[in-house]
Amino acid sequence: MKNKKLAVIGLGYVGLPLAVEFGKKFEVIGFDVNKNRVDQIKKNEDTNLEISKKDFSESVHLNCSNIIDDIKDCNIYIVTVPTPIDNHKNPDLSALKGASETIGTVLKKDDIVIYESTVYPGATEEFCVPILEKQSGLKFNKDFYCGYSPERINPGDKKHKLIDIKKVTSGSTSEIASVVDDLYKEIIIAGTYKAESIQVAEAAKVIENTQRDLNIALINELAVIFKKMNIDTESVLKAAGTKWNFIPFRPGLVGGHCIGVDPYYLTHKAKAIGYQPEVILAGRRLNDNMAHYAAKEVSKLMKKENIQIVDSNILIMGLTFKENCPDHRNTQVADLVKEFKKFSCNVDVHDPWVSKKLVAEEYKDLLIEEPIKGKYDAIVLAVAHDQFKLLSEDLIRSYGKSNHILYDIKYLLKSNETDGRL
């Protein structure tokens, strides 16, 4: 496949950086069903703030479209659509199904379809391939082939970009595995790792975030225990961290598209094959409960200071699911807001990374440009944005009434500068 023409399906946090990098070397069509997103990228704009003007200008072979006919001449299709969970914590593969159906309508002999979306082990060959075969009328591993190379994008991280993160690759045959691996080697400076099979690559991805989820769950549980013992968690972590092999995780809210989602893909598959996972789901339950725990702790502190909780004014600093990124989808701050609403509190949310124009409808009335000085009964530091790290205790407390609570979820302040923290 000397004359490579690529189509990248889905131009979000994963797809756009990939399309831009490949567009520096190959002819690439970036495809997205969202016409507004396509029009924005055509203007060299990225509201996700992941792609610089320089990167856009260097991607001279990249074109973008929302028209299916524009990708029909491609011979490699890379799928980077979201794979979230539904309200029942089950995998939602609707976007993956739609992307596979779209590709199936233009799939030709000898084409390769590479999936990057996070899935449970076996999903590519058990779920996606039958759709491709049905839509195209072609036979898998005879007329067309598949690969899987899990995405490892870290939104907001300017040190570990796509090209700087080692890429796991795989293919449906040994020959295709080499083709896929060689393709990614063209852009990944950090190198590649060719997995033995597609299922191995799928499993590797899903356990990366499951492991992080469990580690954070452990620290969150330790924080709860130490709180009951009146021991400062950060002091404990600093002391334990003097050992060379201690892993420096911190307590906090666990949201986003990966850590809070991927474990459910693995447990879904585990249940399907007759195994009831225990440890993984225990970690998920604990992390899913941390917003409730934090809100309850704030309410206890308010009660202790004789601050009326009902109709109180709460300022939450941070909305996004992680620091220094504008993405607020799947953020656990949303759960924090809901918990305070249950207490009949009035909630303001301030986040310099989030545009009110782009925020979901549910947050439009909550999001404020700047906190109002002297207004709040409680202030909660929920996201560790760099802008918040620059703020002094005095400045943050100036937003509160003369009697208020300052609660630090992200350990932005010293223990003696807050009224409470995880």
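Residues numbered from 1 in each chain as written. Predicted model: local features only at pLDDT ≥ 70, side-chain atom pairs only at ≥ 80, totals over all residues. Heavy atoms only, no water.

(A) Local environment of the overall build of the protein. The number of helices and strands found in the protein is 15 helices and 14 strands. The C-alpha atoms of the protein give 23 Å as radius of gyration, which agrees with the globular expectation for 422 residues (22 Å, within 12%). Expressed as lengths along the three principal axes of its C-alpha atoms, the size of the protein is roughly 75 × 50 × 40 Å. The 422 residues of the protein split such that 55% are buried. (Helix = DSSP H or I, 4+ residues; strand = E, 2+ residues; numbered from the N terminus. Rg over C-alpha atoms; globule rule 2.2 N^0.38 Å. Buried < 20%, exposed > 50% of the residue type's maximum accessible area, 1.4 Å probe, protein only.)

(B) Seen up close, helix α8 (residues 233–240). Buried within α8 we find T233, E234 and L237. When α8 is viewed along its axis, its buried side chains cluster within an angular range of 95° and face the same direction. (Arc of directions from axis to C-beta.)

(C) How the structure looks around the sheet that holds strand β3 (residues 62–65). Strand order across the open sheet formed by six strands is β3-β2-β1-β4-β5-β6, with parallel pairing between neighbours. A single partner strand is all that each edge strand has here, and the edge strands are β3 and β6 (145–148). Adjacent strand axes in the sheet meet at a mean angle of 20°, parallel and antiparallel pairs treated alike. When strand β4 (residues 76–79) meets strand β5 (residues 112–115), the two strands line up parallel, connected through four bridges. Bridged to V79 within β5 is Y115. (Pairing = 2+ DSSP bridges. Axes fitted to C-alpha atoms, helices over the stretch in contact; angles between N-to-C directions.)

(D) Seen up close, the pairing of β4. Side-chain alternation along β4 places I76 and I78 on one buried face and Y77 and V79 on a second face that is also buried. For the handedness criterion, the β-α-β arrangement of β4, helix α4 (residues 94–104) and β5 is classed as right-handed. (Right-handed = clockwise from strand over helix to strand, strands pointing away.)

(E) Highlighting the sheet that holds strand β13 (residues 400–408). The strand order across the open sheet built from six strands is β11-β10-β9-β12-β13-β14, with neighbouring strands paired in parallel fashion. Both edges of this open sheet fall to β11 (367–368) and β14 (420–421), since each of them pairs with a single strand only. As paired elements, strand β10 (residues 346–350) and β11 share two bridges and run parallel to each other. Among the inter-strand pairings, H350 is bridged to a residue of β11, identified as I368. Those strands touched by helix α11 (residues 290–304) are β9 (313–317), β12 (376–381), β13 and β14, and its axis lies near 145° from that of β13. With respect to the sheet, helix α12 (residues 333–342) is in contact with β9, β10 and β12, its orientation differing from that of β9 by roughly 175°. (Contact = heavy atoms within 4.5 Å.)

(F) Helix α7 (residues 198–228), seen in detail. Look at α7: 46 Å from first C-alpha to last across 31 residues, which is about the 45 Å you get at 1.5 Å a residue. Positive backbone phi, at 60°, marks N230, one or two positions downstream of α7. (Expected span 1.5 Å × (residues − 1).)

(G) Up close: the environment of K296. Examined against the element boundaries, K296 turns out to sit in helix α11. Between the C-alpha atom of K296 and that of F340, which follows or precedes it by 44 residues, the distance is 8.6 Å.

(H) The packing of aromatic side chains, seen in detail. Enumeration over the complete set of coordinates arrives at three aromatic pairs. Here F22 and F26 contribute two aromatic rings whose centre-to-centre distance is 6.1 Å and whose plane-to-plane angle is 45°, an arrangement assigned as tilted. On the accessibility criterion, F22 (0% relative accessible area) is buried. Under the relative-accessibility criterion, F26 is labelled buried at 12%. One residue, K167, lies across the ring of Y184, its end atom 4.6 Å from the ring centre. The positively charged end of K243 is found above the aromatic ring belonging to W244, 5.4 Å away from the centroid. (Phe/Tyr/Trp six-rings, centres within 6.5 Å; stacked < 30°, edge-to-face > 60°. Lys NZ or Arg CZ within 6 Å of the ring centre and 35° of its normal.)

(I) Structural context of the nonpolar core. In terms of nonpolar packing, the biggest core is built from 40 residues, with I71, Y77, V113, Y115 and C146 touching the most fellow members. Residues in contact with V113, not counting those within four places in the same chain, are Y77, V79, I103, L107, L132, Y145, C146 and G147. Membership of the second largest hydrophobic core comes to 37 residues, among which are L367, V380, V383 and L422. (Core = buried A, V, L, I, M, F, W, Y, C linked by side-chain atoms within 4.5 Å.)

(J) The arrangement of the packing of α7 against helix α9 (residues 262–272) in detail. Contact pair α7 / α9: the axes reach a minimum separation of 8 Å and the direction vectors enclose 115°. Regarding α7 and α9, the two cross each other, and that crossing is left-handed. In contact with K205, V206, I207, N209, T210 and D213 of α7, α9 contributes D262, P263, Y265 and L266. Its residues placed into classes, the contact of α7 with α9 shows five nonpolar, two polar and three charged. (Left-handed = near helix turned anticlockwise from the far one by under 90°. Nonpolar A, V, L, I, M, F, W, Y, C, P; charged D, E, K, R; others polar.)

(K) The arrangement of the side chain of N48 in detail. Looking at the secondary structure, you find N48 in the loop between α2 (35–42) and α3 (53–58). Classification of N48 as buried rests on a relative accessible area of 13%.

(L) Summary view of unusual backbone geometry. Phi at N230 is positive, roughly 60°, even though this residue is not glycine. Mapped onto the elements, N230 comes out in the loop between α7 and α8. The class of N230 is exposed, set by a relative accessible area of 74%. A positive phi angle, close to 55°, is found at N324, a residue other than glycine. The residue N324 is located in the loop between β9 and α12 in this model. Judged by its relative accessible area of 14%, N324 is buried.

(M) Local environment of empty space enclosed by the protein. Scanning the entire structure with this criterion turns up one cavity of 30 Å³ or more. Size it by volume and the largest cavity reaches roughly 50 Å³. Taken together, E116, E151, R152, I153, L162, I165, K166 and K167 make up the full set of residues lining the largest cavity. For the lining of the largest cavity, the residue count by class is three nonpolar, no polar and five charged. (1 Å grid on protein atoms, 1.4 Å probe; cavity = no way out; pocket = protein on both sides within 12 Å on 5 of 7 lines; lining within 4 Å. Points joined across faces, edges and corners; volume = space filled by probe spheres on them.)

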